[in-house]
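# Structural overview for review
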Amino acid sequence: MSLSDINTEGGYKEKLKGQCNFFASNGYKVLLVSLKGLKVFSGEFFLDNNSFQEKKSSSNHNSKILKRLSFLIYSYLVLKTQKHIKILYIRYPRTDLFFLLFLFLTKLSCRRLKIVFEVPTYPFNLERPKTRTAISIIEDINSLLFNWITFRLPSVIAVVGFDGKIFGRHVVRIENGVNVDSFPTPLEKPKHREKLNLVMTSHFNDTNLRHGLDRFLEGLILYFSNSHSNTDIQLYVIGDLTKKNAPQLFNLINTSKINERVHLLGEMYGNDLKDFYQKMHVGIGCLAFHRVGVKYSSSLKEHEYLASGLPIISGSPDRSIPKKTLLRLELPADDSPVDIDSLIQFCDKIYSGSGANRQIQLMAKKFLSWNICLKPLLDYIEPSNLDEAN
């Protein structure tokens, strides 16, 4: 079950399909409960065409609170009527009273059900909006009151990119995978020393501090302030970046040194995005995970860059990719400007021979497939292992 809207385009939808595909290919029958526009829907996942067939649905509400409540009620009724369900996999962004009650009732009425709760980012308490609203304050109070109890109820806690303990409970580390076969074979790139094309895809709002685009913009300003800057660098930003939601970034972009080198393309999805990556040399990942307390990256967007054959720069290590592969330029985990000269030298190494982008794509398939990234969880939830752990 997933609270996010399945109609939403982008990485979330691909991740959801990738996870469903993983479980289906390992012999599980997969039923998804999710939001779908103004409906809550349940649909069976079919492996042969990688899609969902809707079985039932109910109307929903525009209100955020009522939407969550109706989603949880619908999910509970599905579990009560579908007695054959053995494992419940939950993707629910923040705990609240409704979710806690749902877990309690589910544990009481479906005693043989194994509950897996995925935490997409940990720690999760630093991603708060700068502008406080009544709803954001209520969400913070909910988290403070209910997190500890909520984390005691599931059979398994799965956390992306993190291992250790949360509220005293051991967790299973998983990683964000990617379906590399859905990306086209990379084209050969033009000479990067003459013109270096870079892309950053991200969400831009007052809760997302992890992108770190400001670090890269400040690095560009410094680079083009020096007389030795002889590489034409073009940065393409994909996402909902506007003057209203990111005024500080707009001020940096409008600096005379770089205003003609930064291109805001708006949102882009699916094959249009994959085709655009074909024109790029490097993907810019999350440059500031340290701002939200995250030590290790498992960024879905970074993995998509690699799947398209692009080397990346990132502000955090990624344990799903061996360091010796040299696919990533890792920056210091601080707010210092990006060293553009180091980036160009990194590209010199990557593009020293032919076929570099295809080799990156093949390595992404080796290290970042869902069969690799979710295997630790599957090993853990197999009935014999889970019974022993409990």
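Residues numbered from 1 in each chain as written. Predicted model: local features only at pLDDT ≥ 70, side-chain atom pairs only at ≥ 80, totals over all residues. Heavy atoms only, no water.

## Here we look at the environment of Asp335
Worth spelling out the cut-off: Secondary structure counts use DSSP, requiring at least four H or I residues in a row for a helix and at least two E residues in a row for a strand, with both numbered from the N terminus. Note on exposure labels: buried denotes an accessible area under 20% of the residue type's maximum, exposed denotes more than 50%, and partly exposed covers the range between, all computed with a 1.4 Å probe on protein chains only. Residues are treated as being in contact if the distance between any of their heavy atoms lies within 4.5 Å. Throughout this description, a polar contact denotes any pair of N or O atoms lying within 3.5 Å of each other; where both atoms belong to protein, one of them has to be capable of donating a hydrogen while the other can accept it, and for residues adjacent in sequence the pair is counted only when both atoms sit in side chains.
Turning to its location among the elements, Asp335 is positioned in the loop between β16 (328-330) and α9 (340-350). The partly exposed category is assigned to Asp335, whose relative accessible area is 45%. In this structure, the C-alpha to C-alpha distance between Asp335 and Leu113, residues 222 residues apart in sequence, is 45 Å. In this structure Asp335 touches Arg215, Glu218, His290 and Arg291, once residues within four positions along its chain are discounted. A distance of 2.8 Å separates polar atoms of two side chains, one belonging to Asp335 and the other to His290. There is a polar contact of 3.0 Å between the side chain of Asp335 and the side chain of Arg291.

## Overview of the packing of aromatic side chains
Rule in force here: Note on ring pairs: Phe, Tyr and Trp rings are taken, using the six-membered ring of Trp, and paired if centres are within 6.5 Å. Classes follow the plane angle, with under 30 degrees stacked, over 60 edge-to-face and the rest tilted. To sit over a ring, a charge needs its Lys NZ or Arg CZ within 6 Å of the ring centre and within 35 degrees of the ring normal.
Under the defined criterion, the tally for this structure stands at 13 aromatic pairs. An angle of 55° between the planes, with centres 4.8 Å apart, marks the rings of Tyr122 and Phe162 as tilted. In this pair, Tyr122 is assigned in the loop between β6 (114-119) and α4 (134-150) and Phe162 in the loop between β7 (156-160) and β8 (165-166), connecting sequence segments 40 residues apart. Taken together, the ring pairs in this structure connect Tyr92, Phe99, Phe102, Phe117, Phe151 and Phe167 into an aromatic cluster. Over the aromatic face of Phe41 sits the side chain of Lys36, whose NZ or CZ is 5.1 Å from the ring centroid. Residue placement shows Arg319 over the ring face of Tyr296; its charged tip is 3.8 Å from the ring centre.

## A short note on the packing of helix α2 (residues 64-81) against helix α3 (residues 97-109)
The relative placement of two packed helices is expressed as an angle between their axes plus a distance between the axes. Rules: Only the contacting stretch of a helix is used when fitting its axis, a line to C-alpha atoms as for every element, and angles between N-to-C directions run 0 to 180 degrees. Roughly parallel refers to an angle under 35 degrees, roughly antiparallel to one over 145, roughly perpendicular to one between 65 and 115, and oblique to any angle outside these ranges. Lys, Arg, Asp and Glu make up the charged group, whereas Ala, Val, Leu, Ile, Met, Phe, Trp, Tyr, Cys and Pro make up the nonpolar group; the residues left over, Gly among them, are polar.
Interhelical geometry of α2 versus α3 gives an angle of 10° and a closest axis separation of 10 Å. Relative to α3, the element α2 is oriented roughly parallel. Contact residues: α2 offers Ile65, Leu69, Leu72, Ser75, Tyr76, Leu79 and Lys80, while α3 offers Phe98, Phe99, Phe102, Leu105, Thr106 and Ser109. Per-class residue counts for the contact of α2 with α3 are nine nonpolar, three polar and one charged.

## Observations regarding the pattern of salt bridges
To be explicit about the condition: For salt bridges, the criterion is a side-chain nitrogen of Lys or Arg within 4 Å of an Asp or Glu carboxyl oxygen.
Summed over all chains, the structure comprises 18 salt bridges. Among the ionic pairs, Glu54 bridges to Lys39, the shortest N-O distance being 3.4 Å. Of this pair, Glu54 sits in strand β4 (residues 51-59) while Lys39 sits in strand β3 (residues 39-46), placing them 15 residues apart in sequence. Residue classification places Lys39 among the partly exposed residues on the basis of a relative accessible area of 30%. The residue Arg193 makes a salt bridge to Asp348 at a minimum N-O spacing of 2.6 Å. Remark: Asp348 occurs in helix α9 and Arg193 occurs in the loop between β10 (172-174) and β11 (195-201); sequence separation between them is 155 residues. What emerges from the salt-bridge pattern is a single network uniting Asp163, Arg173, Glu175 and Arg319.

## Let's talk about a nonpolar patch on the surface
As a reminder, the rule being used: Residues forming no salt bridge and having over 30% relative accessible area are the ones grouped into patches, like charges within 9 Å of each other and nonpolar side chains (Val, Leu, Ile, Met, Phe, Trp, Tyr) within 5 Å. Accessible areas in this description were obtained via Shrake-Rupley with a 1.4 Å probe; residue shielding takes into account the shown protein chains only.
On the surface, Phe104, Trp148, Ile149 and Phe167 cluster together into a nonpolar patch covering about 380 Å² of accessible area. Within the secondary structure layout, Trp148 lies in helix α4.

## Side note on unusual backbone geometry
Its identity as a non-glycine residue notwithstanding, Asn50 has a phi of 50°, on the positive side. Relative to the elements of secondary structure, Asn50 occurs in the loop between β3 and β4.

## Here we look at the sheet that holds strand β14 (residues 282-284)
The criterion, for reference: Between any two strands, at least two bridges found by DSSP are needed for them to pair.
Across the sheet, which stays open at both edges, the six strands sit in the order β13-β12-β11-β14-β15-β16 with parallel pairing between neighbours. Each of the sheet's edge strands pairs with one partner strand only, and the pair in question is β13 (262-266) and β16. Here the strands of the sheet are splayed against their neighbours by 25° on average, with no regard to which way each runs. In this structure, β11 lies alongside β14, joined through three bridges in parallel fashion. For Leu198, the partnering residue across the bridge sits in β14 and is Val282. Against the sheet, helix α5 (residues 213-225) touches β11, β12 (232-238), β13, β14 and β15 (312-314), its axis set at about 160° to β12. In the packing of helix α7 (residues 270-277) onto the sheet, contacts are made with β11, β12 and β13, and the angle to β11 comes to roughly 150°.

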